[in-house]
Each structure stands twice: as structure tokens, then as C-alpha cells.
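Residue-level structural notes
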Amino acid sequence: MYKFLILLQVLFWISETKRIQKSFRIRQLSDWEYLTKFGAEVGDVTYHIKFRIIGLESEEMRERKFPILFELYLDEEWPQALEMQECERASQARRKETIQVPGNGEYSQVYTGNIKAKLRAHMWYYAISDCHRRLRDEFKEDQYKKIKFEVDIHIKNVGKTEFSVEQFGIQYFMIVVVLVDIIMLAYNGYYIVQRHEKYEEFSLALFLLVITLFLETISYGVNLLHLWVYSYNGEGVFVLHVVSVIVQVASQFSLTMILVMLSWGWQINFNKFDNFEIFLPLSLLIAFFQLTIVGVGFIDYDAYYKDHSYEGWVGWLASFIFIGEFIYFINGLSNTYKKSNGAVQQFILMLGIYGGFYFISFPVLQTVNLIVARYLRHKVMEIGTITLRTAAILLLTHLFTSKKSIFAKISYDNKSFLDRNKDE
């Protein structure tokens, strides 16, 4: 639960925005501070940056201006810059500008710059530097220990869009996914009602899959609204983003539980868990894992070394969790397979393929991203995970609802397959 609370706090800061505001205590500033990064498409990109100092009370200090060095780095020189000492990195910067910041609490004059890419998209990295301590040395006394230095950056890509290049097209893709989800939701709902009216049967597994699909539709739909607002103001809506993440966690938990329970024979060999004291801790453990997977994606979200939410160790931690769940899923399948024969074994094999498709998709995408261009990694992970998760639900829907469904034949709660065929 504590990870979930941390997630909500971090979400307030990022909200996927490229209108960045950061605050530092002046006396805690380093020689060099990273601000943010932005993927610039081929064409003209505009950025606006301004600074202010908050908390000065002395009239003499409030009337003065204080210098800060703004630096802009291209992705081609960025790795070399990071290998240098902080005060040597400016030699790799494509653009440097000393900006005078007023001490009266008002923002400095807005510094506007343009970036122009001619051949391909690039990542640009924004930083500030006070290597000569021209700013910090003015605030050595203890009376200035709470003085704050604030930065406001607003970046617009080609066509004046608020999206960084790695986010291009994602909103249109999500529209398609939401439409597909709605169609599947309507079909599954109709199937459940039809089966109940015709055979007086009710598939709890399919019902839970519909719940999962409903949660996924809500999550993507709400996130789509967030992206739509983001396209206008560069910030989006915090509440919408939080709701989307919460519902996404619930959807992933539901899908994982369905697959794990089916793998151990639920709705096939039994329909109630006799050992509830075992099932409950398992449910809580899986819920914790799902929260962890989503939560770690927001650790150091806008850090210079992260090209997507799961860059670096957090991605491999999430992959490890997925692989662990996959191993437990396979163990359950193996156990059920040994106790079964005929149609049940055939269903177990198909469930293993479809479920495995869901569990290993994230580690596979994480590995693929090792060889993908940096500005494409976010898109690969975002579109890849959404596509594969939706595909897993679609395949499971087919497994549960097709006219020749093996699940209908072996399901613990349903009428016999032969009796059903008499009516058809």
C-alpha cells in the first residue's frame, strides 16, 4: 500500500507533462543540474524557459539580478557529456545562455529558443549550471538558507503540439484500442446473457474477463481524455491520469488472477477454493506485485537515463516479477495437466499459450528495447504492452466463447456439451 501512496505523490509531479516546473533551494544547488528532456521531430521546435528567486526580503537583494547558465545538449553528445566532470560538460552543449534572474520574486524575462532537426528526430536535454558559484555565493549566510530557485520550461514540438516525439501517434492508437475494447465488451456481454437465457448457465471466468475488459476500457478511455487535454496545455489533467493508473492496476490484477486460478484447475476441476487461507495471501501477493510493477515505472520518471517508464533496473525488476508470475502459472498448468486427460489437457495447452503470451510480453519488449533507437523506446513499450495485453484478452475471449469452445465442454459449472448440442 505504501508503494501505491508514493505512486500518487509522484504522479502529481509528472502527469506526463512537458511543461516542467522545478524548484531548488539555492544553497543546495549542485554545480550542474539536469532539468528535463524532449524528443524533437524533424522541423522547428520551440522552447520557452524562465526563472525566478523566491523568498528574498532585503530590498537591496530584491532589486538585484542573479546569473544562471542554461545549457542544451543533443543526444549525440549527451553520453560524452555525462562522462565528464560537471563543470566540464558545458563544452559539449549545443547551446549556452546566461540568464539574469530578478530577486523580486517575479519570473525573469522569458528566454525563447528554437531547435531545428533536418534529417531525423533527436532527444534534447536541458540543464542549468552554476559552476563559478556566481549564484550560490550570493546566498552564503544562514538567513538565505530557505531561498528557492524555480525553473519553468514549456516546450512545443513541430506543428506546435505539446507531445514529445516518443508520444506521437499514441493517442490515435489508443482510440483504436478503446473501440476494440468496447466491441469486445459488447460481444462478451451479449454472449453471457445469451448463454444464461438459453442454457441457464453462467461462466464466472468469462464474467471476470468482462470485468477485466471493462476496467481496461475505462483506464484507456480516461487516459485518452488526459492526452487530449495534454495536447492543448502540455500538462493534462492530474485527476484523470491518477484514475487511469488506478484502474489499470485493477485490470492487470484481475487478468493475472484469472489466468493463475484457471491454471490451477479453477472452473475445470473445482469452482470453490477449499483452502481459502492459501488463496487470500496469494491474491494479496499478486496485488502487491501489480502495484510494484506500475509503481516502479514512476521512479525517477523524467531522469536523463530513462527513455521510457521502465528503463534500466526498474524495467528488469518488473520483468523479474512477470517471469515469476509466469513460472507460477506454468507450475499450475503442469499440475492440472497431470491430473487431467483429453479435452482438459487440450484446453490447458491453449491456456498456456494464450496466458504465456501475456506474461512474457513485458520481458520481451524490455529486451527488444535494448536495440531500439532511444526516441522510439517509449513508443515501443507503450504500444507494445497495450497491444499484447489487449491481444491476450481477445485470445481468452475466443477460448471461452467460440462455438467449438473446449472451455464450454469442460467447465465445471456448465451443462454438458452434448446436452447443449441437442438444442443447436
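Here the structure is a predicted model, which means the values were calculated and not measured.

Here we look at the state of the cysteines
Evaluated as defined, the whole model comprises one disulfide. A disulfide bridge connects Cys-87 with Cys-131, and the sulfur atoms are separated by 2.4 Å. Because the torsion about its S-S bond is -105°, the bridge between Cys-87 and Cys-131 counts as left-handed. You can see Cys-87 sitting in the loop between helix H3 (78–83) and strand S5 (95–102) and its partner Cys-131 sitting in the loop between strand S7 (122–129) and strand S8 (148–156), a full 44 residues away along the chain. When its relative accessible area of 40% is taken as the criterion, Cys-87 is described as partly exposed.

Considering the sheet that holds S5
Spatially, S2-S7-S4-S5 is the arrangement adopted by the four strands of the open sheet, whose pairing is antiparallel. The sheet terminates laterally at strand S2 (32–40) and S5, the two strands that pair on one side only. Averaged over all pairs of adjacent strands, the angle between their axes in this sheet comes to 25°, without regard to strand direction. The sheet contact formed by strand S4 (residues 65–74) and S7 spans six bridges and is antiparallel.

Here's the deal with the environment of Tyr-126
Tracing the sequence through the fold places Tyr-126 in strand S7. With a relative accessible area of 0%, Tyr-126 lands in the buried category. As for Tyr-126 and Phe-38, which are separated by 88 residues in sequence, their C-alpha atoms are 8.3 Å apart. Apart from the residues lying within four places of it in its own chain, the contact partners of Tyr-126 are Tyr-34, Leu-35, Thr-36, Lys-37, Phe-38, Tyr-47, Phe-70, Glu-71, Leu-72, Ile-115, Ile-153 and Ile-155.

Notes on the sheet that holds strand S6 (residues 111–117)
One open sheet holds the four strands; their spatial order is S1-S8-S3-S6, and the pairing between them is antiparallel. The strands lining the two open edges of the sheet, one partner per strand, are strand S1 (19–25) and S6. Put simply, the sheet's adjacent strands are angled 20° from each other on average, direction ignored. Relative to S8, S1 runs antiparallel, the two sharing seven bridges. Opposite Lys-22, over in S8, you have Val-151 as the bridge partner.

Quick notes on the side chain of Asn-157
The residue Asn-157 is located in the loop between S8 and helix H4 (170–199) in this model. Here the side chain of Asn-157 touches Gly-39 through a polar contact of 2.8 Å, landing on its backbone oxygen. Polar contacts involving the side chain of Asn-157 include one to the main-chain amide nitrogen of Glu-41, which spans 3.0 Å. Residues contacting Asn-157, with those up to four places away along its chain left out, are Phe-38, Gly-39, Ala-40, Glu-41, Asp-44, Val-45, Phe-163, Ser-164, Val-165 and Phe-168.

Quick word on the packing of aromatic side chains
Counted under the stated rule, the structure contains 18 aromatic pairs. A ring pair is formed by Tyr-73 and Trp-78, whose centres lie 5.3 Å apart and whose planes are at 65°; its orientation type is edge-to-face. Note on accessibility: Tyr-73 and Trp-78 belong to one class, buried. An aromatic cluster is defined as three or more aromatic residues linked by ring pairs; in this entry it consists of Phe-322, Phe-326, Phe-329, Tyr-358, Phe-359 and Phe-362. Over the face of the ring belonging to Tyr-107 we find Lys-50, whose NZ or CZ atom lies 4.5 Å from the ring centre. Positioned over the ring face of Trp-32 is Arg-89, at 4.4 Å from the centre of the ring.

How each quantity is defined
- Each chain has its residues counted from 1, following the order in which its sequence is written.
- Given that the model is predicted, a residue must reach a pLDDT of at least 70 before its local features are reported, and side-chain atom pairs must reach 80 or more before they are shown or counted; all residues, however, enter totals for whole chains, interfaces and linings.
- Side-chain figures throughout are based on the complete set of non-hydrogen atoms in the structure, without hydrogens or water.
- In this description, the term disulfide denotes a pair of cysteine sulfurs within 2.5 Å.
- Numbering of helices and strands runs from the N terminus; a helix is a DSSP stretch of H or I covering at least four residues, while a strand is a stretch of E covering at least two.
- Each residue is placed in one exposure class: buried if its accessible area under a 1.4 Å probe, protein chains only, is under 20% of its type's maximum, exposed if it is over 50%, and partly exposed if it falls in between.
- Two strands pair if DSSP finds at least two bridges between them.
- Helix axes are fitted to C-alpha atoms over the stretch in contact, other axes to C-alpha atoms as well, and angles between N-to-C directions run from 0 to 180 degrees.
- Between two residues, a contact is recorded if the distance between any of their heavy atoms is within 4.5 Å.
- Here a polar contact is taken to be a pair of N or O atoms separated by no more than 3.5 Å, where protein atoms must pair a possible hydrogen donor with a possible acceptor and residues adjacent in sequence count only if both atoms sit in side chains.
- Aromatic pairs are defined between Phe, Tyr and Trp rings, using the six-membered ring for Trp, whenever the two ring centres lie within 6.5 Å; interplanar angles under 30 degrees are classed as stacked, those over 60 as edge-to-face, and all others as tilted.
- Any Lys NZ or Arg CZ that is within 6 Å of a ring centre and within 35 degrees of that ring's normal is treated as a charge sitting over the ring.

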